[in-house]
Amino acid sequence: MTQDWRDSVDLTQQQSLVRRSIRDLCADFGDEYWRERDRTATYPTEFVDALADDGWLGMLVPEEYGGVGMSTSEAVVMMEEIAASGGGFAGPQSIHGGIYNSVPIVKYADEELKEDLLPRVADGDARIQAFGLTEPNAGSDSTAMETRAERDGDEYVINGEKVWISRVEDSDYLVLMARTTPREDVEKRTRGISMILVDLEDAYGNGLEIERIPKSASRAVHSYQLYFDDLRVPARNLIGEEGRGFYQVLDGLNEERLVIAAECLGLGEVALERGIEYANEREVFGGPIGANQAVQHPLAEAYADLLAAKKVIYSAADRLDDLERTEAGAEANVAKYLAAEAAFEAADAAVQTHGGFGVAREYDVERYFREARLTRLVPVTQQLALNYLGERVLDLPRSY
């Protein structure tokens, strides 16, 4: 049951509609569903299908292509609600790519590709869940990527590796970032990188091999290492302008980072809710443990931090389109930093409140704690968020 303290920001009529709709849908997928998905490391297919059937995977696709035509201000509501319903971080992450990987196609793809693909995304027939950026030897320095896409007539020939690419087996397409011009041949390291759409069904066994990475958090959303060996992709699958892919990624970075912050927020809220419930129910020495300040204060601190993060997230979502890029980047990085920290503190307080039962699967808070630790690493570390603020906002010297 949603607690009153969660409804702490004013929503537009459209946002309220999204909240009600998503809460109703999520009510069919309770704690046991998400607990089992984590225990068995099984993708939440039924949940994702339900969202797709209702058109939510096309929420950012314009109406002219059959989508809902909503924006980031509605997406933050949706993702917060999915996480807070009990899905934790894995819940919204199971569809995050399916929603946001359509954005560069909307903005930059040619009309032929848009007309072919976007209506299928909007009605759930095609899913673009995977985004191929990170590499073993590049990490956060994306411009150091080594994966190459070389033009050969009307095709690109792709070679290289990617790592920590999520939802590949649950996707029809991969949005791949690759160098079409070697780094040593460009004036700026951010140039010469292109964005290419890969049809995964065509790619398997024809130059693409994948390997799942075992992991301890968000186990329901699988991550993979990808190996490209002379994979041929039609040149018409280029998204946008050759060599400008890095800038196309940056164009949607702030919106996506805000949505990640909302996912962290929802995770923290459900962890705190579980902690409050247990503190009221569990009795020791003749009374509820929540009457003890040693239990009560960490939960209250977690609430204060979550509330502060929520105000920042929703304020930024309302104003993002009116901000200059550096200002928008500052708001997005502050939101992600605060939300990840608040989620971790809330999950830690919930585990501590449960005592020994805090590590028992049946109470879920151990799962929330594992996922909350992950939010401090992805999609960008807390340190890199602080680097942005130090250098772009506080005008301190560049540290790397």
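These notes cover the structure that comes with them.

The rules we used
Residues numbered from 1 in each chain as written. Predicted model: local features only at pLDDT ≥ 70, side-chain atom pairs only at ≥ 80, totals over all residues. Heavy atoms only, no water. Phe/Tyr/Trp six-rings, centres within 6.5 Å; stacked < 30°, edge-to-face > 60°. Buried < 20%, exposed > 50% of the residue type's maximum accessible area, 1.4 Å probe, protein only. Helix = DSSP H or I, 4+ residues; strand = E, 2+ residues; numbered from the N terminus. Lys NZ or Arg CZ within 6 Å of the ring centre and 35° of its normal. Salt bridge = Lys/Arg side-chain N within 4 Å of Asp/Glu carboxyl O. Disulfide = S-S within 2.5 Å. Axes fitted to C-alpha atoms, helices over the stretch in contact; angles between N-to-C directions. Parallel < 35°, antiparallel > 145°, perpendicular 65-115°, else oblique. Left-handed = near helix turned anticlockwise from the far one by under 90°. Contact = heavy atoms within 4.5 Å. Nonpolar A, V, L, I, M, F, W, Y, C, P; charged D, E, K, R; others polar. Polar contact = N/O pair within 3.5 Å; in protein donor to acceptor, adjacent residues only side chain to side chain. Patch = residues over 30% accessible without salt bridge, like charges linked within 9 Å, V, L, I, M, F, W, Y side chains within 5 Å. Areas by Shrake-Rupley, 256 points an atom, 1.4 Å probe, with all protein chains shown as cover. Lys, Arg positive; Asp, Glu negative; His and termini not counted. Charge placed at Lys NZ, Arg CZ, Asp CG, Glu CD. Expected span 1.5 Å × (residues − 1).

Considering the packing of aromatic side chains
Tallied over the full model, the rule gives nine aromatic pairs. Note on F29 and Y33: the rings are 5.0 Å apart at their centroids and 65° apart in plane angle, and the pair reads as edge-to-face. Taken individually, F29 and Y33 each receive the classification buried, so the pair is uniform in this respect. Taking 5.3 Å as the distance between ring centres and 40° as the angle between the ring planes, the aromatic pair formed by F344 and F369 counts as tilted. Taken as a pair, F344 in helix α12 (residues 325–353) and F369 in helix α13 (residues 365–375) lie far apart in primary sequence, 25 residues in all. Put simply, the rings of F29, Y33, W34 and F47 touch in pairs and so form one group of aromatic residues. Over the ring of Y156 we find R151; its NZ or CZ atom is 5.4 Å from the centre of that ring. Here the basic side chain of R244 rests over the ring of Y247, its NZ or CZ set 4.3 Å away from the ring centre.

What to know about the pattern of salt bridges
Applying the stated criterion across every chain yields a total of 29 salt bridges. Residue D152 pairs with R232 through a salt bridge whose shortest N-O separation is 3.0 Å. Here R232 lies in strand β7 (residues 223–234) and D152 lies in strand β2 (residues 148–152), a separation of 80 residues in the sequence. A relative accessible area of 42% places R232 in the partly exposed class. Across the pair R325 and D251 runs a salt bridge, and its minimum N-O distance is 3.6 Å. Of the two residues, R325 sits in helix α12 while D251 sits in helix α9 (residues 245–251), which places them 74 residues apart along the sequence. D251 sits in the partly exposed class, given a relative accessible area of 26%. Salt bridges linked by common partners bring R6, D7, R19, R23, E80, E81, E269 and K310 together as one network.

Some details on the state of the cysteines
Applying the stated criterion across every chain yields a total of zero disulfides. C264 takes part in no disulfide bond, and the closest cysteine sulfur to it belongs to C26, at a distance of 17 Å.

Observations regarding the packing of α12 against α13
Their axes nearest at 8 Å, the elements α12 and α13 cross at an angle of 155°. The angle between the axes of α12 and α13 places the two elements in the roughly antiparallel class. By crossing handedness, the relation of α12 to α13 is classed as left-handed. Listed contacts from α13 to K336, A340, A343, F344, A347, D348, A350 and V351 of α12 are V365, E366, Y368, F369, A372, R373 and T375. Here the residues of the contact of α12 with α13 sort into 10 nonpolar, one polar and four charged.

With respect to the environment of Y314
Along the chain, Y314 turns up in helix α11 (residues 293–319). Using a relative accessible area of 5% as the deciding quantity, one classes Y314 as buried. Distance from Y314 to A262, taken between C-alpha atoms, is 8.7 Å for residues 52 residues apart in sequence. Ignoring any residue separated from it by four or fewer positions in sequence, one finds Y314 in contact with V9, L11, Q15, V76, V77, E80 and L265. Among the polar contacts made by the side chain of Y314, one reaches the side chain of E80 at a distance of 2.4 Å.

Regarding a nonpolar patch on the surface
Where nonpolar side chains cluster on the molecular surface, the patch consists of V393, L394 and L396 and spans about 290 Å² of accessible area. You can see L396 is positioned in the segment after α14 (382–393).

A look at a negative patch on the surface
On the surface, a cluster of negative charge is made up of E64, D110, E111, E112 and E115. Here E64 shows up in the loop between α3 (45–53) and α4 (72–87). For E64, a relative accessible area of 67% puts it in the exposed group.

Quick word on α12
Residue pairs spaced three or four apart in an α-helix point in one direction, given the helix's 3.6 residues per turn. Taking 1.5 Å per residue, 29 residues should reach 42 Å; α12 reaches 42 Å between its end C-alpha atoms and fits that length. The N-capping residue of α12, defined by a side-chain oxygen 3.1 Å from the backbone nitrogen of T326, is E324. Where α12 terminates, the next one or two residues include G355, which has phi positive at roughly 60°.

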